[in-house]
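Listed below are the residues making up each chain.
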Amino acid sequence: MANVQEEWLEKAISDGHIDYVEYNNFANPINIGVGGFGKVFKYEWKDCELTVALKCLKVDTNINEKIIKGFIDEVFICL
Ligand SMILES: Nc1ncnc2c1ncn2[C@@H]1O[C@H](COP(=O)(O)OP(=O)(O)OP(=O)(O)O)[C@@H](O)[C@H]1O
């Protein structure tokens with residue numbers, strides 16, 4: 001993952017804007033789509049017994065702040 005993505009995610013988690021959940025809490029992935037930021041999978045969230053959609057932010061070394069801002073805006077629309 002590019003540094004700018006890592007830095008933004010770590011700050012958003014430490015500031016309490018995003019909840020962090022360990023990846024191994026999710027099981028049985030099924031690919032359900034592809035968007036501008038990467039693939040989307042259906043997963044079972046084991047502890048909560050919920051079915052959820054996880055969007056995977058693709059690794060892109062050409063990523064820039066405009067792209068990151070677009071992703072952040074989309075995350076906040078979903079909250
Ligand atoms: N919560 C969800 N439930 C079911 N399918 C979903 C869900 N979220 C995304 N998808 C599927 O994944 C595809 C891609 O979704 P995503 O939101 O990443 O892309 P987008 O909105 O089309 O584009 P962008 O990432 O540029 O905003 C959707 O077209 C849909 O088929």
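What you see is a predicted model, and the numbers here were worked out from it, not measured in a lab. (Residues numbered from 1 in each chain as written. Predicted model: local features only at pLDDT ≥ 70, side-chain atom pairs only at ≥ 80, totals over all residues.)

Engineer: Would you mind going over the site of the ligand with me for this structure?
Structural biologist: Taken together, Ile32, Gly33, Val34, Gly35, Gly36, Phe37, Val40, Ala53, Lys55 and Glu74 make up the full set of residues adjacent to the ligand. Put simply, the parts of the chain that give the shell around the ligand at least two residues each are β1 (26-35) and β3 (50-55). Here the shell around the ligand takes 4 residues from β1, the largest share from any one element. Here the residues of the shell around the ligand sort into 5 nonpolar, 3 polar and 2 charged. (Near = placed C-beta within 6 Å. Helix = DSSP H or I, 4+ residues; strand = E, 2+ residues; numbered from the N terminus. Nonpolar A, V, L, I, M, F, W, Y, C, P; charged D, E, K, R; others polar.)

Engineer: Even after reading the chapter, I still don't get the UniProt feature "binding site: ATP" (unreviewed entry) in the chain, so can you show me in this structure?
Structural biologist: Here, UniProt's "binding site: ATP" (unreviewed entry) annotation points to Lys55. Its place among the elements puts Lys55 in strand β3. Non-local contacts of Lys55, meaning those with residues more than four positions away in its chain, are made with Gly35, Phe37, Gly38 and Val40. (UniProt positions renumbered as here; feature names shortened; annotations may be inferred. Contact = placed C-beta atoms within 7 Å.)

Engineer: Would you explain the pairing of β1 in this entry?
Structural biologist: A regular strand places its side chains on the two faces of the sheet in alternate fashion. Here β1 lies mainly on the outside; 0 of its 10 residues are buried. Two elements, β1 and strand β2 (residues 38-45), share 7 bridges in a ladder whose sense is antiparallel. Bridge pairing links Asn31 to Phe41 in β2. With antiparallel pairing between neighbouring strands as the criterion, β1 and β2 make up a hairpin whose turn holds 2 residues. (Buried ≥ 20, exposed ≤ 12 C-beta atoms within 10 Å, placed from the backbone. Pairing = 2+ DSSP bridges.)

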